[in-house]
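Chain by chain, the residues run as shown.
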Amino acid sequence: MGEAVFDLARRARFAGLSGNFSLGHEILDGAVAQADEDAGARAWIAIERGRLFNSAGEPARALPFFSEAWELAQRAGDHDLAVDAAHMLAIASDVEAAERWVAVALDYIEAQRASPHWRGMLHHNLGWTYFEAGRFEDALGAFRRDEAIRETSGNAQTLKVARYAVVRTLRALSRVDEAIALGERVVALADAANDAAPYVYEELAECYAVKDEMAEAQRFAARAQAILSENASFVRDEPVRLARLAALAAGAAAAD
């Protein structure tokens, strides 16, 4: 695949991440003329087109582009891109289809010896699909599989993300003591590495509030608020959560 097309696809992704979806599509329109019949180049354009639609809240429009990327990437022999396309098909699909696509992607990784780094991500994103559907036990199983993978082949950051998801799901299951135990472990490791774990602080604040241990809830809420109030995307996208943290930090007496 030409480097020019790859660069344009990457620029389109950055545009989408910044919320400028129209610019992303314009960039991809310009890439089409340079792709010709190169299956790999066309696969990159298709997957980034799909990501733009999905990020804009239009998963139904994204799915055909992810399917196109899946087929083209296989034709081009770009196995990692093919797994990425299957992974995006899972993200944009309903629960049942997501389960199927994750299974397809995991089988493909084994058959084609694609990069194993996808395994944890596939379980992680399926976990959030389950979570959003209210299937918390299934979500916990998926997140635990991701955690196990990150423990053996990840790094401190990916393991922190995996464990945050476990903590969040344990709270959803009202297994608050387990959530606190793991959350405190994550925070201790992060503190020792001079790292921050604001989303885990948030979870600990909520868990301690459930137990009516408000001094601890305030402490962790204040830590989360101090960091997340400086995060422009969080401030823009999560005003309710930010207000909740402010209330907890100020000593609100009960969890929602």
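About the thresholds
Residues numbered from 1 in each chain as written. Predicted model: local features only at pLDDT ≥ 70, side-chain atom pairs only at ≥ 80, totals over all residues. Heavy atoms only, no water. Core = buried A, V, L, I, M, F, W, Y, C linked by side-chain atoms within 4.5 Å. Buried < 20%, exposed > 50% of the residue type's maximum accessible area, 1.4 Å probe, protein only. Helix = DSSP H or I, 4+ residues; strand = E, 2+ residues; numbered from the N terminus. Axes fitted to C-alpha atoms, helices over the stretch in contact; angles between N-to-C directions. Parallel < 35°, antiparallel > 145°, perpendicular 65-115°, else oblique. Left-handed = near helix turned anticlockwise from the far one by under 90°. Contact = heavy atoms within 4.5 Å. Nonpolar A, V, L, I, M, F, W, Y, C, P; charged D, E, K, R; others polar. 1 Å grid on protein atoms, 1.4 Å probe; cavity = no way out; pocket = protein on both sides within 12 Å on 5 of 7 lines; lining within 4 Å. Points joined across faces, edges and corners; volume = space filled by probe spheres on them. Phe/Tyr/Trp six-rings, centres within 6.5 Å; stacked < 30°, edge-to-face > 60°. Lys NZ or Arg CZ within 6 Å of the ring centre and 35° of its normal. Salt bridge = Lys/Arg side-chain N within 4 Å of Asp/Glu carboxyl O.

A. The arrangement of the nonpolar core in detail. Membership of the largest hydrophobic core comes to 70 residues, with the highest contact counts inside it found for Ile47, Val83 and Leu122. Tallying contributions element by element places helix α5 (residues 79–92) first for this core, with 9 residues.

B. Layout of the packing of helix α12 (residues 214–228) against helix α14 (residues 239–249). Viewed as axis vectors pointing N to C, α12 and α14 meet at an angle of 135 degrees, and their least axial separation amounts to 7 Å. The pairing of α12 with α14 is recorded here as oblique in orientation. Viewed along their axes, α12 and α14 form a crossing whose handedness is left-handed. Where α12 approaches α14, its residues Met214, Gln218, Ala221, Ala222, Ala224, Gln225 and Leu228 are matched on the opposing element by Leu242, Leu245, Ala246, Leu248 and Ala249. Considered class by class, the residues forming the contact of α12 with α14 number 10 nonpolar, 2 polar and no charged.

C. The arrangement of the layout of surface pockets in detail. Estimates place the volume of the largest pocket at around 1000 Å³. As for the largest pocket, its lining consists of 21 residues, of which Leu17, Asn54, Ser55, Ile91 and Asn125 are closest to the centre. The class makeup of the residues in the lining of the largest pocket is 9 nonpolar, 7 polar and 5 charged.

D. The arrangement of the environment of alanine 103 in detail. Examined against the element boundaries, alanine 103 turns out to sit in helix α6 (residues 95–112). Residues alanine 103 and phenylalanine 65 lie 38 residues apart in sequence; the distance between their C-alpha atoms is 20 Å.

E. Spotlight on the packing of aromatic side chains. This model, assessed by the stated rule, comprises 12 aromatic pairs. With centroids separated by 5.3 Å and ring planes inclined at 90 degrees, the aromatic side chains of phenylalanine 6 and tryptophan 44 adopt a geometry described as edge-to-face. In this pair, phenylalanine 6 is assigned in helix α1 (residues 3–17) and tryptophan 44 in helix α3 (residues 39–55), connecting sequence segments 38 residues apart. Relative accessible area serves as the criterion here: at 25%, phenylalanine 6 is assigned to the partly exposed category. Three or more aromatic residues joined by ring pairs make a cluster, and in this case those are Trp128, Phe131, Phe136, Phe143, Tyr164, Tyr199 and Phe234. Over the aromatic face of phenylalanine 220 sits the side chain of arginine 219, whose NZ or CZ is 4.3 Å from the ring centroid.

F. Up close: the pattern of salt bridges. Scanning the model with the defined rule gives 25 salt bridges in all. Salt-bridge contacts for glutamate 178 lead to arginine 175; the nearest nitrogen and oxygen are separated by 2.8 Å. With a shortest N-O distance of 3.0 Å, glutamate 206 and arginine 244 are connected by a salt bridge. Here the residue glutamate 206 occupies a position in helix α11 (residues 198–210), and arginine 244 occupies one in helix α14, the gap between them amounting to 38 residues. Arginine 244 shares its class with glutamate 206; the two are buried.

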